[in-house]
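# Observations on chain architecture
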Amino acid sequence: MSRGLHWFRNDLRLRDNTALDALTAQVDACAFVFVVSEDFWRAGARARTPFLADCLGRLADDLEARGHRLIVRSGAPEQVLPELAGEAKAEWVSFNASATPIGRSRDARVERAFDAAGVRTLSCRDDVVFTADQVRTQQGGAFAVYTPYRNAWWRRWEDDPQWPKRRRRLPEPIPGRLASESLPKLPVVDERPKLPTGGEAAADRRLRRFLEAAAARYHEDRDRPDLDGTSRLSPYLRFGAISVRHCVATGLEAMASEPRLRRGVGKWLDELVWREFYAGILETHPRVARSNHRQEYDRLVWNDDPAGFEAWCRGRTGFPFVDAGIRQLRATGWMHNRVRMIVASFLTKDLLIDWRHGERFFFEWLVDGDPASNNGGWQWAASTGTDAQPYFRIFNPTAQGKRWDPDGDYVRQWVPELRDLPGASVHEPEKRDPLFSSYPDPIVDHAERRALALERYRDAREGAA
């Protein structure tokens, strides 16, 4: 009887799981393990760790319903996993590999440890439909601009569609009782957002609800934070409670059966391709995790402004659309994508604070905090990344608020000091009655800071020429 272990990571589901399916076809009996790293457990303490714990609990229930259990061990994976494989007499270990710099280093250590222990590994990629090596330019290089990448991605799909795999029956449990630990208690934090329900079933429900309702108008409503117009699937994709293949396939099936969904779902599928584009950038250029993709901006002069950064982090900038976004993030662990752009632009172009500070703040608070997408979004807003917003396009936070929150409902929801201001006037509280004096005045003059930002970016470009 051949035996195997599956090491769960950011693939917390039983359906359409590439490495798990590969192991299931290889062994007669198996066990399932999640390894808790104390550093990782604490790093996402505000939002990601509680959501992860919920997903793990629901995964454990799904396994128990199939006669299995989820083994939890803590420590360094390269030490813990070979020990468990020895206890289980496992000949195979499967896992879905990471493409982030830290994840690749960890995977390499684990594979060396298994090689030394004489255990064979099944390492797969499961977080994307196509890896960076599978979507290349005609010259064989990596894409640096989204639109040609998108076109190449869909050509690849037409040539080699990656449909979800059918659910396999799980092998028998490994005989005997392998020791398991309890998940650690959640780290203590001063604020913890209210999070969505985790797990594979919740992800499926959310996808179905989106396709039945908001998807038809997604192309029109996706930029409106005052409307429930997006899928809100990003936390589930972040931890693999649903596969991106399942999302793409279900979206394509919906478009084929309901022509009225074509524009909305088509646009949503393109957003999934954006996710893969950013994943490919980090995979191909791991240095962007810490530095500008466009190196001419290494000379850019950033402000050292602790007071401005603190006001931004607390949603007290005096710009309602920006403040609403930050407060939504702190309350829910999520921020609407259009608002993320405006909030990031304000930090980098109005306050002229280094994008890396904002990236770290987002990563601390976001339940869907993904290294590639978070980095890609911040470098896009700061104009330092690949396919970035041109440096001379600087969002006016007041005008953006009026455009995307025309009735002011989003701001009033998250900035209670302004709830009595009617309609779009909520975006210009500087014209307020003294009744609203609890809300701060704007901490900067947007027009002045726009001019200064243009000057700084031009100086950096000219200095690098």
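Refer to the structure presented above.
What this report covers is the structure whose coordinates are included nearby. (Residues numbered from 1 in each chain as written. Predicted model: local features only at pLDDT ≥ 70, side-chain atom pairs only at ≥ 80, totals over all residues. Heavy atoms only, no water.)

Moving on to the overall build of the protein chain. The helix and strand inventory of the protein chain stands at 19 helices and six strands. Radius of gyration (C-alpha) of the protein chain: 23 Å, near the 23 Å computed for a compact globule of 465 residues. Referenced to the eigenvectors of the C-alpha coordinate spread, the extents of the protein chain come out at roughly 75 × 50 × 50 Å. A burial count over the protein chain gives 55% of its 465 residues as buried. For the protein chain, the proportion of contacts with a sequence separation of at least 24, taken over those separated by at least 6, is 78%. Counting 71 positive and 68 negative side-chain charges, the protein chain places the averaged centre of each group 2 Å from the other. (Helix = DSSP H or I, 4+ residues; strand = E, 2+ residues; numbered from the N terminus. Rg over C-alpha atoms; globule rule 2.2 N^0.38 Å. Buried < 20%, exposed > 50% of the residue type's maximum accessible area, 1.4 Å probe, protein only. Contact = heavy atoms within 4.5 Å. Lys, Arg positive; Asp, Glu negative; His and termini not counted. Charge placed at Lys NZ, Arg CZ, Asp CG, Glu CD.)

Quick look at helix 5 (residues 101-117) now. With 17 residues, helix 5 extends 25 Å from end C-alpha to end C-alpha; this agrees with the ideal 24 Å at 1.5 Å per step. Among the residues of helix 5, Gly 103, Asp 107, Val 110, Ala 113 and Phe 114 are the ones counted as buried. End-on, the buried residues of helix 5 take up no more than an arc of 125°, which puts them together on one face. Exposed residues on helix 5 whose side chains face more than 90 degrees from its buried face are Arg 112, Asp 115 and Ala 116. At its buried positions, helix 5 is contacted by strand 1 (3-8), helix 4 (77-88), strand 4 (92-96) and strand 5 (120-124). Looking one or two places after helix 5, you find Gly 118, whose phi comes out positive at around 75°. (Expected span 1.5 Å × (residues − 1). Arc of directions from axis to C-beta.)

Let's shift gears to helix 6 (residues 146-159). Spanning 14 residues, helix 6 covers 20 Å between terminal C-alpha atoms, matching the ideal 20 Å at 1.5 Å per step. Looking only at helix 6, the buried set comprises Tyr 146, Tyr 149, Ala 152, Trp 153, Trp 154 and Trp 157. Looking at the packing, one finds that the buried side of helix 6 touches helix 10 (244-257) and helix 11 (262-284).

Across five bridges, strand 4 lies against strand 5 in parallel orientation. Bridge pairing in strand 5 links Ser 94 to Leu 122. (Pairing = 2+ DSSP bridges.)

One can find Lys 349 in helix 14 (residues 337-350). Here Lys 349 occupies a buried position and makes no salt bridge, while the nearest side chain of opposite charge, Asp 350, is found at 8.4 Å. Engagement of the side chain of Lys 349 in a polar contact is seen with the side chain of Ser 383, the distance being 3.1 Å. In this structure, Lys 349 is in contact with Ala 381, Ala 382, Ser 383, Gln 389, Pro 390, Tyr 391, Arg 393, Ile 394, Arg 449, Ala 453 and Tyr 457, ignoring residues within four places of it in sequence. (Salt bridge = Lys/Arg side-chain N within 4 Å of Asp/Glu carboxyl O. Polar contact = N/O pair within 3.5 Å; in protein donor to acceptor, adjacent residues only side chain to side chain.)

We now examine the nonpolar core. The nonpolar side chains of a soluble globular protein tend to be buried, and buried together. Phe 8, Trp 153, Trp 268, Trp 312 and Phe 362 are the most contacted members of the largest nonpolar core, which has 117 residues in total. Those residues within four positions of Trp 153 in sequence are excluded, and the remaining contacts are Val 129, Phe 130, Val 135, Val 248, Val 273 and Glu 276. Counting residues in hydrophobic clusters, the runner-up holds 21 residues, among them Ile 71, Val 93, Phe 114 and Ile 174. (Core = buried A, V, L, I, M, F, W, Y, C linked by side-chain atoms within 4.5 Å.)

At a minimum axis distance of 9 Å, the contact between helix 4 and helix 5 shows a crossing angle of 35°. Considering the relative orientation of helix 4 and helix 5, their crossing is right-handed. Listed contacts from helix 5 to Pro 77, Glu 78, Leu 81, Pro 82 and Ala 85 of helix 4 are Arg 106, Arg 109, Val 110, Ala 113 and Phe 114. Along the lines of polarity and charge, the residues of the contact of helix 4 with helix 5 split into seven nonpolar, no polar and three charged. (Axes fitted to C-alpha atoms, helices over the stretch in contact; angles between N-to-C directions. Left-handed = near helix turned anticlockwise from the far one by under 90°. Nonpolar A, V, L, I, M, F, W, Y, C, P; charged D, E, K, R; others polar.)

What follows covers the packing of helix 12 (residues 306-314) against helix 15 (residues 355-365). Packing of helix 12 against helix 15 leaves a shortest axis separation of 12 Å and a crossing angle of 30°. On the basis of the axis angle, helix 12 is roughly parallel to helix 15. Crossing angle aside, the handedness with which helix 12 passes helix 15 is right-handed. Side by side, helix 12 and helix 15 meet where Phe 309, Trp 312 and Cys 313 of the first sit next to His 357, Gly 358, Phe 361 and Phe 362 of the second. For the contact of helix 12 with helix 15, the residue count by class is five nonpolar, two polar and no charged. (Parallel < 35°, antiparallel > 145°, perpendicular 65-115°, else oblique.)

Counted by the stated rule, this structure contains 29 aromatic pairs. When the ring of Tyr 149 is compared with that of Phe 277, the centres are 5.3 Å apart and the planes differ by 50°; the resulting orientation is tilted. A residue pair is termed long-range when its members are at least 10 positions apart, and Tyr 149 in helix 6 and Phe 277 in helix 11 qualify at 128 residues. Per residue, the accessibility class of Tyr 149 equals that of Phe 277, and both read buried. Both rings, one in Phe 362 and one in Trp 378, keep their centres 5.0 Å apart while their planes meet at 75°; by these two values the pair is edge-to-face. One end of the pair, Phe 362, is in helix 15; the other, Trp 378, is in helix 16 (residues 371-382), with 16 residues separating them in the sequence. The class of Trp 378 is buried, set by a relative accessible area of 2%. Over the aromatic face of Trp 334 sits the side chain of Arg 232, whose NZ or CZ is 3.7 Å from the ring centroid. The ring of Tyr 457 carries Lys 349 above its face, with NZ or CZ at 5.3 Å from the centroid. (Phe/Tyr/Trp six-rings, centres within 6.5 Å; stacked < 30°, edge-to-face > 60°. Lys NZ or Arg CZ within 6 Å of the ring centre and 35° of its normal.)

Bear in mind that shape data such as this cannot, by itself, settle questions of function.
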